[in-house]
Amino acid sequence: MVLLGIPGLLWLSAIALTISQAVKPNFARSWFIAIAGAFLAWVGTFFLRLYLPMEVELIRWLPESLYHTAIAFRIDYTNWHYIIAILALCIAVILTDSSRASTNTTPTTWAAALALTGLNLMSVMSKSPMTMAIAWSITDLVELLFMLNLLRNSEATGKITTVYGVRLISTFVLVIATAVGWQVTAGLDFTQIPPTASLLFLVAAGLRLGVLPLNFPTQNALESSRRIDLLLRFSPVVSALVLIAHLPSEILVLNQSLVSLISILTVLAALYASAMWLTRADANEGRPYWIVALSAFALQSALNGQPEHSRVWGLALLLSGGVLFLFDPPIQRIRFIPLLGLMGLLGIPYTLAASGWSALLGEGVNLAGIVMIMCHAMLVGGYLRYILEAD
């Protein structure tokens, strides 16, 4: 049960913050509760690294002779890095949100950030595909209700509904993939995904990431706070990236024509998103394209038979992207901070993305690999341009 203490700390902090504001509003006290809860969860996750892997089972379906699965959660060497990343983003959002007098910063926003981050951690820590499907459904429903409560016009409501409709389809594909996998191993978890079902799992992740088919999340849906909007955009991405990292490396033994088709669609999505990222007016406008481009990198790594290395590009998406998008408004005298994020994206030796090249390019030099190198160059160029344009 120790691992459930991580999201539990976030939820407890959100509840304490809400009660504190209702009884006796105090901005400083609310900020301290929010940052303390997120920081303790982050530090606690580092402590759990000493005991990996660890898991907990909450509910087992009965009768066991008919149902061979359970609602269970697990932290291992695959998802631990993503948990650290999303908690770091939550801390950064609270820190930077409180420092801007130009935004409508409220403790309610921080409580929402903590609660939604906790929910998404449950998806990331899911031990089995069925648990992840349930977590996706609950998280998407809560996020949808939260977004609809904050929207100001019907046009934005329509866009939000479309986005969550695509997420619903991705959940259905995940359930279908699970059913296919159960034909091989009843009640399978992520360590038992058969190659026959792996491509369906990949499509489920691609749908949620906006790559298969190419679709972009709404931009600036929350005018009241770009910071929590960043969490809302990144949090569902994390669980899909974890799903990709769990896939078996034998994905290429499947129908080669189908794998090639998905690879072509992935490369085209990366090329289009990278070009759009390079030409946007500012980083916040280009954020949906950043997410799709690096998500496509993670998908291509899995298609090249190295899904475990997709984490490299997933973490670059979250950490390098988080640094840049929270650098708002851009200030020239501190632009060395996002330059650190750029170092993580470059892929030079001893940096974050260094080990991702072999997975991205596959074996030998081919057209897809050359296009991906071009995409990477455009991502780096756009990132550098947004830093240098700081006032």
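Residues numbered from 1 in each chain as written. Predicted model: local features only at pLDDT ≥ 70, side-chain atom pairs only at ≥ 80, totals over all residues. Heavy atoms only, no water.

Draft legend 1. Region of interest: helix H2 (residues 27–48). With 22 residues, H2 should cover 32 Å at 1.5 Å per step; its first-to-last C-alpha distance of 32 Å lies within 8% of that length. Within H2, burial applies to Ser30, Ile33, Ala34, Ile35, Gly37, Ala38, Ala41, Thr45 and Leu48. Residues of H2 that are buried make contact with helix H1 (5–23), strand E1 (54–60), strand E2 (70–75), helix H3 (80–97) and helix H4 (107–124). For H2, the side-chain oxygen to backbone nitrogen distance between the N-cap and Ala28 is 3.1 Å, and the N-cap itself is Asn26. (Helix = DSSP H or I, 4+ residues; strand = E, 2+ residues; numbered from the N terminus. Expected span 1.5 Å × (residues − 1). Buried < 20%, exposed > 50% of the residue type's maximum accessible area, 1.4 Å probe, protein only. Contact = heavy atoms within 4.5 Å. Polar contact = N/O pair within 3.5 Å; in protein donor to acceptor, adjacent residues only side chain to side chain.)

Draft legend 2. Highlighting the pattern of salt bridges. All told, the structure shown has seven salt bridges when counted by the stated rule. Across the pair Arg74 and Asp76 runs a salt bridge, and its minimum N-O distance is 3.3 Å. What makes Asp76 buried here is its relative accessible area of 9%. (Salt bridge = Lys/Arg side-chain N within 4 Å of Asp/Glu carboxyl O.)

Draft legend 3. Up close: empty space enclosed by the protein. A full pass over the atoms with the stated rule returns two cavities of 30 Å³ or more. Estimates place the volume of the second largest cavity at around 40 Å³. Counting only elements with at least two residues in the lining of the second largest cavity, the list comes to H4 and helix H8 (226–245). Taken together, the residues of the lining of the second largest cavity sort by class into five nonpolar, three polar and one charged. (1 Å grid on protein atoms, 1.4 Å probe; cavity = no way out; pocket = protein on both sides within 12 Å on 5 of 7 lines; lining within 4 Å. Points joined across faces, edges and corners; volume = space filled by probe spheres on them. Nonpolar A, V, L, I, M, F, W, Y, C, P; charged D, E, K, R; others polar.)

Draft legend 4. View of the packing of aromatic side chains. Scanning the model with the defined rule gives 13 aromatic pairs in all. Each ring, one from Phe39 and one from Trp42, has its centre 6.1 Å from the other, and the planes form 45 degrees; the classification is tilted. Taken together, the residues span about one helical turn, with Phe39 and Trp42 both in helix H2 at a distance of three residues. Residue class for Trp42 comes out partly exposed when judged on its relative accessible area of 24%. Ring plane angle 90 degrees and centroid distance 6.1 Å describe the contact between Trp277 and Phe325, whose orientation is recorded as edge-to-face. Note that Trp277 is positioned in helix H9 (residues 256–279) and Phe325 in helix H11 (residues 310–325), a separation of 48 residues in sequence. No difference in accessibility class separates Trp277 from Phe325, as the two residues are buried. Taken together, the aromatic side chains of Phe234, Trp277, Trp290, Phe325, Tyr383 and Tyr386 make up a single cluster linked through ring pairs. The cationic tip of Arg49 hangs over the ring face of Trp80; the distance from NZ or CZ to the ring centre is 5.4 Å. If you follow Arg208 out to its NZ or CZ, it ends over the ring of Trp136, 4.3 Å from the centre. (Phe/Tyr/Trp six-rings, centres within 6.5 Å; stacked < 30°, edge-to-face > 60°. Lys NZ or Arg CZ within 6 Å of the ring centre and 35° of its normal.)

Draft legend 5. Representation of the packing of H11 against helix H12 (residues 336–346) within the structure. Across the interface, H11 lies against H12 with an axial gap of 8 Å and an inter-helix angle of 155 degrees. Considering their axes alone, H11 and H12 lie roughly antiparallel with respect to each other. Relative to H12, the crossing made by H11 is left-handed. Note on element contacts: H12 touches H11 through Ile337, Pro338, Gly341, Gly344 and Leu345, opposite Ser320, Val323 and Leu324. (Axes fitted to C-alpha atoms, helices over the stretch in contact; angles between N-to-C directions. Parallel < 35°, antiparallel > 145°, perpendicular 65-115°, else oblique. Left-handed = near helix turned anticlockwise from the far one by under 90°.)

Draft legend 6. Main features of the environment of Ala293. Checked against the element boundaries, Ala293 lands in helix H10 (residues 283–303). Those residues in contact with Ala293 that sit more than four places away from it in its chain are Ala270, Ala273, Ser274 and Leu379.

Draft legend 7. Focus on the nonpolar core. Counting 112 residues, the largest nonpolar core has Leu3, Ile75, Leu202, Leu243, Trp277, Trp290 and Phe297 as its most contacted members. Take this core: its biggest share by element is 13 residues, from H10. (Core = buried A, V, L, I, M, F, W, Y, C linked by side-chain atoms within 4.5 Å.)

Keep in mind these numbers describe shape, not what the thing actually does.
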